[in-house]
Amino acid sequence: MTERKSAKDTIISDAMAAPSPAKSMGDPGITPLSPTHIQQQDTDETPSGPSFTVVVAIDFGTTSSGYAYAFAKEPECIHTMRRWEGGDPGVSNQKTPTTILLTPDRKFHSFGYAARDFYHDLDPTESKQWLYFEKFKMKLHTTANLSIDTDLHAANGKRVKALDIFAYALAFFKEQALKELSDQAGSEFDNADVRWVITVPAIWKMPAKQFMREAAYKANLVPRDNPEQLIIALEPEAASIYCRKLRLHQMVDIGSKTAVNGYSPTENVGAGMTQAAKENVRRNRQSRTFLVENVIGELWAELAEGDRYVVVDCGGGTVDLTVHQIRMPEGHLKELYKASGGPYGSIGIDYEFEKLLCKIFGQDFIDQFKVKRPAAWVDLMIAFESRKRAAAPDRTNPLNINLPFSFIDYYKKFRGHSVEHALRKSNVDFVKWSSQGMLRMNPDAMNALFKPTIDHIIQHLTELFDRPEVTEIKFLFLVGGFAESPLLQKAVQDMLQGRSRIIIPHDVGLTILKGAVLFGLDPGIIKVRRSPLTYGVGVLNRWVDGKHPADKLLVKEGTRWCTDVFDTFIAADQSVALGETVKRSYTPAKPSQQVIVIHVYCAEKEQVGFITDAGVRKCGTLRLDLSGTDPPPPAPGGGPTRREIQTLMQFGDTEIRAMAVDVATSRSVKASIDFLSQ
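Residues numbered from 1 in each chain as written. Predicted model: local features only at pLDDT ≥ 70, side-chain atom pairs only at ≥ 80, totals over all residues. Heavy atoms only, no water.

Caption draft 1: View of the packing of helix α10 (residues 363–372) against helix α12 (residues 405–415). Contact pair α10 / α12: the axes reach a minimum separation of 11 Å and the direction vectors enclose 125°. Comparing their axes, α12 and α10 come out oblique. Of the two possible hands of crossing, α10 and α12 adopt the one that is right-handed. Residues Asp364, Phe365, Ile366, Gln368, Phe369 and Lys372 of α10 touch α12, and the partners they reach there are Ser406, Phe407, Tyr410, Tyr411, Phe414 and Arg415. Each residue belonging to the contact of α10 with α12 can be placed in one class, and the counts come to seven nonpolar, two polar and three charged. (Axes fitted to C-alpha atoms, helices over the stretch in contact; angles between N-to-C directions. Helix = DSSP H or I, 4+ residues; strand = E, 2+ residues; numbered from the N terminus. Parallel < 35°, antiparallel > 145°, perpendicular 65-115°, else oblique. Left-handed = near helix turned anticlockwise from the far one by under 90°. Contact = heavy atoms within 4.5 Å. Nonpolar A, V, L, I, M, F, W, Y, C, P; charged D, E, K, R; others polar.)

Caption draft 2: Inspection of α10 at higher detail. Regarding α10, the residues found buried are Phe365, Ile366 and Phe369. Taken end-on, α10 shows its buried residues confined to a sector of 95°, consistent with a single buried face. Contacts made by the buried residues of α10 are with α9 (347–361), α11 (374–388) and α12. (Buried < 20%, exposed > 50% of the residue type's maximum accessible area, 1.4 Å probe, protein only. Arc of directions from axis to C-beta.)

Caption draft 3: Structural view of the pattern of salt bridges. Taken as a whole, this structure holds 24 salt bridges when the rule is applied. Linking arginine 584 and aspartate 567 is a salt bridge whose minimum nitrogen-to-oxygen distance equals 2.1 Å. Taken together, the positions of arginine 584 in strand β30 (residues 581–588) and aspartate 567 in strand β28 (residues 559–570) put the pair 17 residues apart, joining distant regions of the chain. The exposure class assigned to aspartate 567 is buried, which follows from its relative accessible area of 3%. Each of the salt bridges in this network shares a partner with another, and the network as a whole consists of Lys135, Asp350, Glu385, Lys388, Arg389 and Glu484. (Salt bridge = Lys/Arg side-chain N within 4 Å of Asp/Glu carboxyl O.)

Caption draft 4: Just the sheet that holds strand β9 (residues 108–111), in detail. The strand order β9-β8-β10 describes an open sheet built from three strands, whose pairing is antiparallel. Here the strands that pair on one side only, and so sit at the sheet edges, are β9 and β10 (131–134). Taken pair by pair, the neighbouring strands of this sheet meet at an average axis angle of 20°, ignoring direction. Where strand β8 (residues 99–102) lies against β9, three bridges are found, and the strand directions are antiparallel. (Pairing = 2+ DSSP bridges.)

Caption draft 5: Quick look at the nonpolar core. Core analysis: the biggest nonpolar cluster contains 94 residues, and Phe353 and Phe361 have the highest contact counts within it. The dominant element in this core, judged by the number of residues it contributes, is helix α14 (residues 443–465), at ten residues. Among residues more than four places away in sequence, those in contact with phenylalanine 361 are Ile366, Phe407, Tyr411, Arg415, Val419 and Ala422. Residues Val56, Leu146, Phe172 and Leu234 belong to the second largest nonpolar core, which totals 51 residues. (Core = buried A, V, L, I, M, F, W, Y, C linked by side-chain atoms within 4.5 Å.)

Caption draft 6: Examining unusual backbone geometry more closely. Phi is positive for aspartate 573, close to 70°, though the residue is something other than glycine. With respect to the helices and strands, the residue aspartate 573 is situated in the loop between β28 and β29 (575–577). Positive phi is not limited to glycine here, since serine 666 has a value of about 60°. Relative to the helices and strands, serine 666 is located in the loop between β34 (656–662) and β35 (667–672).

Caption draft 7: The arrangement of the pairing of strand β14 (residues 230–234) in detail. The element β14 is extensively covered by neighbouring structure, given that five of its five residues are classed as buried. Burial along β14 is two-sided: the residues Leu230, Ile232 and Leu234 and Ile231 and Ala233 are all buried. Direction of pairing for strand β13 (residues 194–200) relative to β14: parallel, over a ladder of five bridges. When the sheet's bridge partners are listed, valine 197 is paired in β14 with isoleucine 231. In this fold, β13 hands off to helix α5 (residues 206–218), which returns the chain to β14; that crossover is right-handed. (Right-handed = clockwise from strand over helix to strand, strands pointing away.)

Caption draft 8: Quick look at the sheet that holds strand β22 (residues 438–441). With antiparallel pairing, the three strands of this open sheet are ordered in space as β20-β22-β21. Because the sheet does not close on itself, it has two edges, and the strands there are β20 (399–402) and β21 (431–434). Pairwise comparison of adjacent strand axes, ignoring direction, gives a mean angle of 30° for this sheet. Summarising the sheet, β20 and β22 pair through four bridges and their orientation is antiparallel. Counted as the bridge partner of asparagine 402 is methionine 438 from β22.

Caption draft 9: Molecular detail of helix α1 (residues 113–121). Listed in full, the buried residues belonging to α1 are Tyr113, Ala115, Arg116 and Tyr119. With its buried residues spanning 165° around the axis, α1 presents them on a single face. Elements that come into contact with the buried residues of α1 comprise β7 (96–97), β8, β9, α2 (124–127), β10 and α11.

Caption draft 10: Structural detail: the packing of aromatic side chains. In this structure the tally under the stated criterion is 29 aromatic pairs. Each ring, one from phenylalanine 118 and one from tryptophan 130, has its centre 5.1 Å from the other, and the planes form 50°; the classification is tilted. Residue phenylalanine 118 is found in helix α1, and its partner tryptophan 130 is found in the loop between α2 and β10; the two are separated by twelve residues along the sequence. Here phenylalanine 118 falls in the partly exposed class, since its relative accessible area comes to 34%. (Phe/Tyr/Trp six-rings, centres within 6.5 Å; stacked < 30°, edge-to-face > 60°.)

Next comes the structure, spelled out in structure tokens:
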């Protein structure tokens, strides 16, 4: 634990995170004037940027993506994007697949269905030259030391900078949305009138969140000098905001034993809908405009001050669990427990299917096939996707998956025997060959592919509900594309055993998108978050014999100091109001000091003693140059006045800004905390 320090005992060290950085420094450092933190609640916590006429939210998903928008003057109308060309049978295409195609000379060609279909229609020899990317968002979650230079692999194995791919995708959405807005307005729509919102998983680490912002700057979504024009929203928060608005006809309560509004809890979500509700959904789907009534939904009306609910956001790549609490009277949200979850999205089922194919046909063949016939591999996974959606707990008839002709053909060339022979020989239960050239999967075989992913989610939920701060949860909102899975719904129901009501919004795959639009219209709705990291600065403390480790001793001008002390500004899992500023005052140890350098450090653990501890990394530097300024006037007693340097850290949406100000001259320096530099 960082010890408490009195004002005169501490000096900010110009310390780099090395074995003992301060030992070699020549800079005398600075010492605090105020021994305590000043926490400043900013009265207007919403970013007051220039006014905008429309909010456009982009849900950049692992498997599918889309955008939606609303005009500031009619915030209750949320428009989802135009229909995409070339949807798949059995998959509602309010969103488009997150796929990108680059030409052989690495120029952007197309996105979504268009990219997939064009790639698929290329001649196999030609398709090897083109660069096709899918499910690439997960790379931001899984890369341990993510940086601006991180690469992605295309289907043909070639590497491209991840930042370029993400920027291409965002530029594509910008172009589509502005085109649609211009068509509506009847004249060119100016990007400066748009507030953009991009959603990211809450469990993403800071570098991944910053990466998304960097990609947006690169795509010219917003200019770097106007960061307020872009909000990075957390997916479960967006879902939470939308769920507050739900009316009873817009959701299914699968936890209750009685039918809600004509839904029966035992039936599948679609099956128990009343004619009127079905009609309502059908009309909605066609009009693409959702009316969000400017009221609190009936469900929400049952929630009182302090009530808690969990949002379980199950997407393609990740599962995010967030616990929120209601703050009355405005119904603001407070995050109660820091987001948890992991890479347990629906693509886990695709990996299991791939493992099954490897078991039947051999890993060596599958690896070869993916490289030699990349477009056919994509086809096979599309065929699997639509059957995956037909899996249900009570299904009895088998699921047939089309094997592309080139798979059958290439396998025969590769192995010298037929696909049928391989299936007979593999003794994989429940998977047979049908005479129509299909893999026939018994429902148990399909359910087995879901099991590892669903088990992970249930394990996380069980751990969450066992935590002391997570008691008496009134509702569990199941959202995200994977929430449509009846297998997942049943598993959650079995785990909770009636402990809280399970609510699934209709069009559950669009919940986050619609909530993100509402968040962009009123960012002040989220009031309190939990800090994912501990932040602090490196300081020097007065040496105390027997208390400080010997290797930290530093003698300067006859005074003994303990070096490398981590002075905490805010600790991990501490509540932080959005826009909150933590402020401290320092003074140069030597009045004649011209340059003041303050290093900002961060760590994942809550308690940090020294900046040299394992897991502590430098994430920002403030360098305040005071040369050429007059020293402050002498103090009344004739001695020199101590110069006041204020250091502030402001906690924004995904950005943390640090600032140092010389009070006497108002000279200041700002830095954004950088999580991407290695």
